[in-house]
Amino acid sequence: MAKKEIRIGNKVISEVGDVFFIGEIGINHNGSIEIAKKIIDMAVLCGVDAVKFQKRTPEICVPPKVRDRIIETPWGDMTYFEYKKRIEFGEEEYREIDEYCKRKGVVWFASAWDIPSVEFLEKFNVPCHKIPSAKLTDRELLEKVNSIGKPVILSTGMSTEEEIEKAVKVLNKVELIIMHCNSSYPAKPEELNLRYIQTLKKKFPQAIIGYSGHELGISASLVAATLGARVIERHITIDRAMWGTDQGASIEFSGLRRLVRDLKALPIWLGDGVKRVYESEFKVKEKLRDKETL
């Protein structure tokens, strides 16, 4: 059974203290290592705890029915399969990312979409593995990360409660973080269902519960943390107007800076639940309260 205290890199995630924030770079780099570095720089400046990418083997992950579909891209018209190959980082790029993140002092890992990608990421001794919502029902992939034994972050978008339960049963040898998620990009406000975070906390007391948000703005992520999400993940980018499917549901520098700042302030705002009259109120009390007749 997973502990209620999980270490990722040099950070400990628990039911107390700061929320662990993951800046999801994903594929917002559009296959450019220079753009990836710029997003890493932005994330570090804003104080994120980790940055995350996505790792796929296109030959496995791109469904045959869409491989030959022609799409318009900034690099010209190409098949969907060619596009997926075009934006996928290989070992050379990830070596550079690994070294760059170490220099910047930030943890990185990636969502693995297939078993060869898990094995690829293990070359870099990533501190944890992330299962994306799309792969929650991939038993072989779940068994692979379960056998490694590192902490696993499981996103639950587009999944039924029964599917989540089955996935958690497979992941029985790892420390587990379960992320409430809606997989629409961007997610509609009426479909966020943030109260499900509390349901997950009751249903899976052995796990840490988090929230992977695809909504517009930052307020819902703060509410998620207030409801008990101990890990918050948001897509981040240097420019939401850049080409790419995830850019529109991402947050830029100003939003990221405010969100991380406010998440760190949240425990201070919430306090300890004990009513007290603070010293800062005494002068106001003396000025405004002229009768004490209770």
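In what follows, the structure referred to is the one given above.
Residues numbered from 1 in each chain as written. Predicted model: local features only at pLDDT ≥ 70, side-chain atom pairs only at ≥ 80, totals over all residues. Heavy atoms only, no water.

(A) View of the nonpolar core. Core analysis: the largest hydrophobic core is formed by 83 residues, its most contacted members being I8, F53, W108, L154, I177, I232 and L256. Top element by residues in this core is helix α1 (residues 33-46). It accounts for eight residues. Excluding anything up to four places from it in sequence, I177 contacts I6, I8, I13, V152, I153, L154, I208 and V231. Counting residues in each nonpolar core, the second largest holds five residues, with I27, I71, M78 and I87 among its members. (Core = buried A, V, L, I, M, F, W, Y, C linked by side-chain atoms within 4.5 Å. Buried < 20%, exposed > 50% of the residue type's maximum accessible area, 1.4 Å probe, protein only. Helix = DSSP H or I, 4+ residues; strand = E, 2+ residues; numbered from the N terminus. Contact = heavy atoms within 4.5 Å.)

(B) Main features of the side chain of K37. Among the structural elements, K37 can be located in helix α1. Among the polar contacts listed, one links the side chain of K37 to the side chain of E96, at a separation of 2.6 Å. Leave out the neighbours within four places in its chain, and K37 touches E96 and Y100. (Polar contact = N/O pair within 3.5 Å; in protein donor to acceptor, adjacent residues only side chain to side chain.)

(C) Just unusual backbone geometry, in detail. A cis amide bond links Y185 with the next residue in sequence, P186, at an omega value of -5°. The topology assignment puts P186 in the loop between β10 (176-181) and α9 (196-203). Of note in this structure, N193 is not a glycine but carries a positive phi near 50°. Mapping N193 onto the fold places it in the loop between β10 and α9. Using a relative accessible area of 48% as the deciding quantity, one classes N193 as partly exposed.

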